[in-house]
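# Observations on the model geometry
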Amino acid sequence: MYKVDFSKGDGLVPVIVQDGQTLEVLMLGYMNEEAWEKTQRERRVTFFSRSKSRLWTKGEESGHYLEVQDIHVDCDQDTILIKATPLGPTCHTGSRSCFNTKQNQNFIFELERVIQQRIDIPVEGSYVNSLRQKGLNKIAQKVGEEAVETVIAALAETEQDFINESSDLVFHLLVLLKEKGLGLREIAANLASRHQ
C-alpha cells in the first residue's frame, strides 16, 4: 500500500508526527523497515531509537502512545507523515509537543476532544454532563442565550467581554454539535464546499 525507500538514509527515514485533529507537529523520529511494519500492524507509532539501537514504541513506558489515524509518504518516498491521536503529552518533558510551542493554536480541536471524552466517559461534576442531562432543548437554548450575549458584548461592552462571550458561544456550540453526533470536521467540510 505505502512504498518507502529505506535505502537513501542508511536504512532510516524521518517520520513527522502530527496531531491528527489539531494538525500540530508533535515530534520527529526515525523508522527502519521493522519499525515501519510494526507501526502499520499495531497502529501505534514505533520508531527506531538511534541512541538505544532498538525499536521503541512511543509511550511504551509512560502509556502516552501515539495512535495512528492516517499515514502519508512524501513524493520522494523517503519521509513519512503520521497523523496520530496522542494519549497524553508527547514530549518526555511533559509538554504537548517536543517543539515546546507556546500554545496550541488549534486548541478548539483539543476542546472538542475533551467534550467528546466527557460524553464517552461521564465525569461527576462535569459541566458538559450537567448540560447533557438537561437534554437537547436546553443545550440549544444555551447556544441561543450565548449568541445574544455575544451580540450585546460586541455592541456595548469591552473587547475582553466580547472575547469571553464569544468563547462561551463557541463552547456551547461544540457541545450542541457533539450532542447531534457532529463535529468541527463536518462544519469545516461544509464551509470548504461552499468556498469552491
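Model, not experiment: these values are computed from the prediction.

## Some points on the UniProt feature "domain: Phosphoribosyl-AMP cyclohydrolase" (unreviewed entry) in the protein chain
- According to UniProt, the "domain: Phosphoribosyl-AMP cyclohydrolase" (unreviewed entry) feature falls on residues 27-100.
- Regarding residues 27-100, the helix share stands at 14% and the strand share at 38%, and the terminal C-alpha atoms are separated by 10 Å.

## Overview of helix H1 (residues 33-42)
- Turning to H1, its buried residues number three or more, namely Ala35, Trp36 and Thr39. One side of H1 holds all its buried residues, which, seen down the axis, span an arc of 105°.
- Where H1 is buried, its residues meet strand S2 (25-31), strand S3 (46-49), strand S4 (54-57), strand S5 (66-73) and strand S6 (80-86).
- One side-chain oxygen at the N-terminal end of H1 lies 3.2 Å from the backbone nitrogen of Glu34; it belongs to Asn32.

## What about the packing of helix H3 (residues 127-134) against helix H5 (residues 159-179)?
- Closest axis-to-axis distance for the H3/H5 pair is 11 Å, and the angle between their directions is 55°. The angle between H3 and H5 falls in the class oblique. In this structure, H3 meets H5 at a crossing whose hand is right-handed. Taken together, the residues of H5 that come into contact with H3 (itself represented by Tyr127, Val128, Leu131 and Arg132) are Phe171, His172, Val175 and Glu179.

## Points about the nonpolar core
- One finds Val17, Met31, Val45, Ile80 and Ile82 to be the most contacted residues of the largest nonpolar core, which totals 19 residues.
- Elements that contribute at least two residues to this core include exactly strand S1 (13-19), S2, H1, S5 and S6.
- Excluding anything up to four places from it in sequence, Ile80 contacts Val4, Val13, Pro14, Val15, Ile16, Met31, Trp36, Ile71 and His72.

What counts and what doesn't
- Residues numbered from 1 in each chain as written.
- Predicted model: local features only at pLDDT ≥ 70, side-chain atom pairs only at ≥ 80, totals over all residues.
- Heavy atoms only, no water.
- UniProt positions renumbered as here; feature names shortened; annotations may be inferred.
- Helix = DSSP H or I, 4+ residues; strand = E, 2+ residues; numbered from the N terminus.
- Buried < 20%, exposed > 50% of the residue type's maximum accessible area, 1.4 Å probe, protein only.
- Arc of directions from axis to C-beta.
- Contact = heavy atoms within 4.5 Å.
- Polar contact = N/O pair within 3.5 Å; in protein donor to acceptor, adjacent residues only side chain to side chain.
- Axes fitted to C-alpha atoms, helices over the stretch in contact; angles between N-to-C directions.
- Parallel < 35°, antiparallel > 145°, perpendicular 65-115°, else oblique.
- Left-handed = near helix turned anticlockwise from the far one by under 90°.
- Core = buried A, V, L, I, M, F, W, Y, C linked by side-chain atoms within 4.5 Å.

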